[in-house]
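Residue strings, one per chain:
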Amino acid sequence: MKQKYLSEVIYQIFALIIVVIVVHAIYVAVIRPNADIIQQQQTMQQEADENYVPDRSLYIVLRDFEQETCIILFFWALSIIGMKTVRTMRERALLDRELLQVSDGTSILPEDTRHYARPVQALPEKERGFLLPRAILAGLHRFGTTRDVQDVSATVRDICDNESERLESELAIVRYIAWAIPSIGFLGTVRGIGTALGQAHQAVTGDILGVTVSLGVAFNSTFIALVTSIVLMFLLYQLSLVQDRLVMDSQTYCDDHLVRYLQVPGRSTPQANHDEVVQPV
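Residues numbered from 1 in each chain as written. Predicted model: local features only at pLDDT ≥ 70, side-chain atom pairs only at ≥ 80, totals over all residues. Heavy atoms only, no water.

## Focus: the overall build of the protein chain
- Secondary structure summary: the protein chain contains 11 helices and zero strands in total.
- From first element to last, N terminus to C terminus, the protein chain shows the α and β order α-α-α-α-α-α-α-α-α-α-α.
- The proportion of buried residues among the 281 residues of the protein chain is 37%.
- Here the analysis covers contacts within the protein chain between residues at least 6 apart in sequence; of these, 80% occur between residues at least 24 apart.
- About 16,600 Å² of surface is accessible on the protein chain, with carbon and sulfur atoms providing 62% of the total. (Helix = DSSP H or I, 4+ residues; strand = E, 2+ residues; numbered from the N terminus. Buried < 20%, exposed > 50% of the residue type's maximum accessible area, 1.4 Å probe, protein only. Contact = heavy atoms within 4.5 Å. Areas by Shrake-Rupley, 256 points an atom, 1.4 Å probe, with all protein chains shown as cover.)

Okay, here's the thing in structure tokens:
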């Protein structure tokens, strides 16, 4: 388990490094040079024609440092979501397999738990760390120790609940990024408005170009931050939904493929005892 956490931390660090390098390279080589060219052309056309309305260019919208930071955080969160989605899909694949070879009409006795645990223990080490094998092995071990079906059901439910809480806590970094992106966009807004206010004396003389450029920085940073945050929250919600379904389906799998086959020899059901009482002598 510790090895899995360490591998996830290493993955997140390297993913951040790669995203920073790739996004910054694209900004340096493509976005900012094109934004500067388009900005110069629009400035020249505005000076030549007072009625000229510049077109909204995607390069100009994306070119500032706040937008670059938002995009870096977005793709970093996207890589984490992708990693967790792939792992969840691999765990769901186990739900389509018969990990316990139990046929209808067969009962699992406390003495048989080791026999039925062997196929699960024979799984690859990576798959044994998934939720479903852990829940099945814990249930079989509990049944062999306590010989109580209710304890098995409670054990499986506790493992699934703990897994749900763990999955929820591991998404904290993605939720933090989803909160940080709008905050960075707001910082860009404050910077742009502050720069525009600093150039107010130019607007009084009739030169409003600097003010409009600064206000463009403010609005563009907010726009990119909100768009990326909305998309990221949607993807985060979808991942959380898939993980919740995995936990519920794993618990249902254990109930259908394990708990209902468990039987303790010599222990009758309450209905059977009732029939024996009312049966005439």
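## Some points on the pattern of salt bridges
- On inspection of all chains with the given rule, the structure shows 12 salt bridges.
- When salt bridges with common partners are traced through the structure, they connect E8, K84, R134, E163, R166 and E170 into a single cluster. (Salt bridge = Lys/Arg side-chain N within 4 Å of Asp/Glu carboxyl O.)

## What to know about the environment of E8
- If you trace the backbone, E8 turns up in helix α1 (residues 2-48).
- You can call E8 buried: its relative accessible area is 10%.
- With 72 residues separating them along the chain, E8 and I80 place their C-alpha atoms 8.9 Å apart.

## Let's talk about empty space enclosed by the protein
- One pass over the structure, following the stated rule, counts two cavities of 30 Å³ or more.
- If you add up the space inside the largest cavity, you get close to 70 Å³.
- In terms of lining, the largest cavity is formed by E8, K84, R87, T88, E91, R166, L167, E170, Q243 and L246.
- Those elements that provide at least two residues to the lining of the largest cavity are α3 (65-93), α7 (149-170) and α10 (209-257).
- When residues of the lining of the largest cavity are assigned to their parent elements, the largest contribution, four residues, is made by α3. (1 Å grid on protein atoms, 1.4 Å probe; cavity = no way out; pocket = protein on both sides within 12 Å on 5 of 7 lines; lining within 4 Å. Points joined across faces, edges and corners; volume = space filled by probe spheres on them.)

Read these as layout, nothing more, since geometry by itself doesn't imply function.
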